[in-house]
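# Chain and residue survey
In case you want the letters, here they are:
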Amino acid sequence: MAPAEVKNSSQSSPSCMKKISNGIVFGLESVFYRVGLFVGTNPVITIIFCLTTCGLCGIGLKTLKETQEQEKLWVPQSSRIIPEKAWVDRQFPTKTRFVSVIATGDDVLTVPFINALLDFYTESVSTSVNGKTFDDLCLRVGSYCRMDSILEIWSFNKTTIKSLNRGNIITAVNNITKSPIFGTNYDVLNILGGTIRRDQFVNEIAGAEATQMTWILEKNDLLLDADKLFEKRIIELALKGHKDIAKTYVYASRSFDDEGYGAINSDIKLLSAGFSIVFVFVMISLGKFNMVQQRVYVSLAGLLSVGLAILFAYGIATVFDVIYGPIQSIMPFLLLGIGVDDMFVVVEAWKNLDSSELRRPLPERVGLAMKHAGVSVTVTSITDIVAFGIGASTVIPALSAFCIYASLGILALYVLQSTFFVACLTLDEKRRESSRDACICCYRHKDYEPNKCSKTAFLPEFMEKYYGPFLMKLPVKIIVMLMTMTALGVFLWRFILLKQDFDLTNYIPSDSYAYHFAKAKENYFPTEGDEVSIYCGNLSYYDYSMSMDYVYQHAAGSVYVQNGSIISWFKAFKDWRHSQAIPDPFSESDFYDKLYTFLTSQYGIHYSRYIKLNSTTPPVHIEASYITLKHQLQPDSAGEILSMDNLRGIVDNAAFPVSTFSGLPVTECFAYSRNYLTYETNKVLKFELYRNLVLAGSCVLLVTLLLIANLWTSLLVFSCVIFTLIAVGGVLELWGVTIDTASSILLILSVGLAVDYSAHVGHTFMTLQGSREERSILTLKIIGPAVFNGGFSTFLAFVLLASSTSYGFTLFFRVFFTVVLFGLFHGLVYLPVVLSWVGPQPYTTEPPHTSTSRELQSRHSSAEDASVQNGCAQPLYECT
């Protein structure tokens, strides 16, 4: 139940809770009055101290190094995949790059189409870059270059292919089982895609819509430039197309860097322009449209404090060896949103000094302004610091590091806005009182009279005379509550439907060739999933031959494994022995003797790359080996996690010995794919997101309760934050956004921004006397402009990203837009309405050097005249 309204609190004794809240508020206001008094007395010393401190902390940036390894950023460090990846990197380091082309037509099994593929192949292998051809750059299997194509059926022989007719092509496609070049199993369905037509009488393949070709290059640091150039040439060749091929799609190892990061670098220019727009808006809003009362340098100081906070946070975090990842690049936007909001609150408090306060000496005026603004800024800043600090306990390293950087940055920003910015504001006030020019400070205007336009405060007047009274009308209140509850219900429903999924394709611009390839892959090859390998270490392959058979049989029968995709050296070795009528090995030494014979035979030499022997000559022993396969393509991250767990379960149940390399209860054989790193992140991401949101929400409630010092107001502020987060999640689901690493970070970041829009309103309401409606209207006049300007400036920083083709930046815009929209709605519409109905009693504190609460109400009517007489600035809402 809301506390009853008491018009004259002096008639009854305050409760224990009220005594505590009054004591907390009194203490905080006293501290900030003293801080403001010191800064106002010593502004230059304060500025020098802040710059020196941040500069010294910034020395730590000398050792700053961005961490790019996925396993260090996104994978829980207790996961089994960490030691598994380390083992694979030691035993079988990545040795390949690739270019893949999908060619489509009405029927790819016609003579003209096959000849077109041959033309494409011939031109590609004859292409020379830096004096190197495909023959010099390719990955070799035996004496052949590794390339996957339907032309492999005819050994890439130009004469043979040119002599083919339709019947030859159909016969070869339906009869091929082994690669004539590599000797491995060959399933033509892995190379044909789209609608595959079959003869209705004999059920043979009679046509297909698509086929794919893949050039595999050997990864060599000395030839890296040549590899990239070759990939570029194939990309250009594919995009040029062929008259007998309807459409070609292409993707290469370099494509994501070219297309994804290229779009990001392009949109960074938009962000820079957004920052410029914010600066102009802040400058206009803080000052006035005349030559003296403009605040150009104060605006710069406010934005500079954001830069100093970043310098402090990055320097300190680097000294303590906190990892720096790509997501830290969004830190400036978080700090900009919080910092600009605090800046407006401080200046608004300065503007709202009453006539008696304006007659005090400048240091005391600064102290009084900070007394009014300090508690409000403290509520939002400490809430953000604690919320992000708790979030640092997450098991995802990159998210934990981001929360640490954010906590340090907000802490630094909180201190800088209370000292550095206030010191700059003090110096600017001295300039204004001496009628010095806003831009050329050494020039002094004599007998300067501000223009009439710059004397009117439009936004506070609008809030007090028009918006506030309109909002307090009963029908409007009812409509507001109905809108709020309806939106809450709809967005909560959509928030619950928000599903977890990570699709790398989203991060590629939708107008790029790489994006078109990804979509063509989904369309024409919908069952082709990620490549996976099953690795085995130094074990007795003779003793565990039954376990090897178990893995092959169960993997081949798994619904999560693509049919015909398994390439197993162990199965090939067994088939070779049977085909050659060679008896099964009778001992471990006999096993390795026969294996060596197999690997040096024409049939088995192609499997040698899957085995790492201790010697090139007998006697040999296997140090490590692997078999490869492909998962069935899964519809979402949940399916991918199931496919990973299924294959891991098959291997773990095969009775292999316990691993000696991982220190974990994992067998000596294990399933691994680099994509499993993403699967491991997705496995815990949803839980970590909800956990962090719950912890952050709890921190919001606890800290606002301690600092606002009123349970009912804290609960109302908390409801605004929760409603805003639900709205953000619901709108993102309607936009088709899923839970992935980027959206998770932005949702957590939203907590820090959502608090600002309501906490300032709740705290200001508690400082005012009168009826609930009078206090709500006065709250909108006093703090409403600062809250609105803070939100609107955050929106301006991202507005240019609305048309971005980069998914990441588009996501930034969507999240920040919805946070600002619903944060302002709940802070400036919903909360004043609720407070006008069930708002609690105000504080009853009388700190030294302050006006009474009743004076606070009357100061607004006299402040405008007094500000002109004393040279006090008023914000420039009016002339925009």
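Now for a description of the structure that goes with this document. Given the structure is predicted, the values throughout are model-derived calculations rather than measurements.

Quick notes on the rules
Residues numbered from 1 in each chain as written. Predicted model: local features only at pLDDT ≥ 70, side-chain atom pairs only at ≥ 80, totals over all residues. Heavy atoms only, no water. Salt bridge = Lys/Arg side-chain N within 4 Å of Asp/Glu carboxyl O. Helix = DSSP H or I, 4+ residues; strand = E, 2+ residues; numbered from the N terminus. Buried < 20%, exposed > 50% of the residue type's maximum accessible area, 1.4 Å probe, protein only. Pairing = 2+ DSSP bridges. Axes fitted to C-alpha atoms, helices over the stretch in contact; angles between N-to-C directions. Parallel < 35°, antiparallel > 145°, perpendicular 65-115°, else oblique. Left-handed = near helix turned anticlockwise from the far one by under 90°. Contact = heavy atoms within 4.5 Å. Disulfide = S-S within 2.5 Å. Phe/Tyr/Trp six-rings, centres within 6.5 Å; stacked < 30°, edge-to-face > 60°. Lys NZ or Arg CZ within 6 Å of the ring centre and 35° of its normal. Expected span 1.5 Å × (residues − 1). Bend = angle between axes of the 7 residues up to and from the residue.

Right, let's talk about the pattern of salt bridges for a bit. Side chains that carry opposite charge are capable of pairing whenever their charged atoms lie near each other. Per the stated rule, a full pass over the model turns up 29 salt bridges. Between R197 and D107 there is a salt bridge, and its shortest N-O distance comes to 3.3 Å. Taken together, the residues span a long stretch of sequence, with R197 in strand β6 (residues 197-198) and D107 in the loop between β1 (96-104) and α5 (111-126) at a distance of 90 residues. Here R197 falls in the partly exposed class, since its relative accessible area comes to 35%. In this structure, the salt-bridge partner of K240 is E123, at a minimum N-O distance of 3.8 Å. Residue K240 is located in helix α9 (residues 224-240), and its partner E123 is located in helix α5; the two are separated by 117 residues in the primary sequence. Accessibility expressed as a relative area gives 60% for K240, which makes it exposed. The network of salt bridges with common partners includes R295, D428, E429 and R431.

Attention now goes to the sheet that holds strand β11 (residues 611-613). Pairing within the open sheet is antiparallel, and its four strands lie in the order β11-β12-β10-β13. Both edges of this open sheet fall to β11 and β13 (669-672), since each of them pairs with a single strand only. Looking at each pair of strands side by side, their axes are set apart by 15 degrees on average, direction ignored. In this sheet, strand β12 (residues 622-632) lies alongside strand β10 (residues 528-536) in antiparallel orientation, the contact comprising seven bridges. In the sheet register, E531 faces β12, and the bridge partner there is K630.

With that settled, the discussion passes to the packing of helix α24 (residues 675-708) against helix α26 (residues 741-766). Orientation of α24 relative to α26, taken along the N-to-C sense of each, is 10 degrees, at an axis distance of 10 Å. Taken as axis vectors, α24 and α26 run roughly parallel relative to one another. With respect to the hand of their crossing, α24 and α26 are arranged in right-handed fashion. Residue-level inspection shows T681, L685, L689, N692, L693, A696, V700 and I708 of α24 in contact with α26, the latter providing T741, S744, L747, I748, V751, V755, A759, H763 and M766.

Let us now look at the side chain of S673. Positionally, S673 belongs in the loop between β13 and α24. Setting aside its immediate chain neighbours within four residues, S673 contacts I81, E531 and V532.

Now for the state of the cysteines. By definition, a disulfide links the sulfur atoms of two cysteines through a covalent bond. By the definition in use, this model includes two disulfides. Shown here is the disulfide that connects C536 with C669, its sulfur atoms set 2.0 Å apart. One disulfide, between C536 and C669, carries an S-S torsion of 120 degrees and so falls in the right-handed class. One end of the pair, C536, is in strand β10; the other, C669, is in strand β13, with 133 residues separating them in the sequence. With a relative accessible area of 0%, C669 lands in the buried category. Unpaired in terms of disulfides, C50 finds its nearest cysteine sulfur in C54, a separation of 6.5 Å. Of all cysteine sulfurs in the structure, the one in C699 sits closest to C403, which takes part in no disulfide; the separation is 11 Å.

This part is about unusual backbone geometry. In this structure, P619 follows P618 across a cis peptide bond, with omega equal to -5 degrees. Positionally, P619 belongs in the loop between β11 and β12. Notably, S155 is not glycine yet its phi reads approximately 55 degrees, a positive angle. Of note, S155 is situated in the loop between β4 (147-148) and α7 (158-162). One non-glycine residue with positive phi stands out, namely A655, at about 65 degrees. Summarising the element assignment, A655 is placed in the loop between α23 (637-652) and β13.

Right, let's talk about the packing of aromatic side chains for a bit. Applying the stated criterion across every chain, the model contains 43 aromatic pairs. Look at W87 and F670: their rings are 5.5 Å apart centre to centre, the planes differ by 80 degrees, and that puts the pair in the edge-to-face class. Taken as a pair, W87 in helix α4 (residues 81-91) and F670 in strand β13 lie far apart in primary sequence, 583 residues in all. One exposure class covers both W87 and F670, and it is buried. The ring of W493 carries R494 above its face, with NZ or CZ at 4.6 Å from the centroid. Taking the ring centre of F573 as reference, the NZ or CZ of R577 above it sits at 4.6 Å.

Attention now moves to the environment of F275. For F275, the position within the fold is in helix α10 (residues 255-286). As for F275 and A797, which are separated by 522 residues in sequence, their C-alpha atoms are 5.5 Å apart. Not counting residues up to four positions away in its chain, the partners in contact with F275 are P332, F333 and L336.

Let's shift gears to the environment of L800. Residue placement: L800 occurs in the loop between α27 (772-798) and α28 (807-838). Residue classification places L800 among the partly exposed residues on the basis of a relative accessible area of 30%. Setting aside its immediate chain neighbours within four residues, L800 contacts L270, A273, G274 and I277.

Okay, α28 next. Here α28 spans 43 Å end to end across 32 residues, near enough to the 46 Å set by a 1.5 Å rise per residue. Along α28, the largest kink reaches about 35 degrees and is centred on L831; proline P832 follows within four residues of it. Here α28 lies mainly inside the structure; 27 of its 32 residues are buried.

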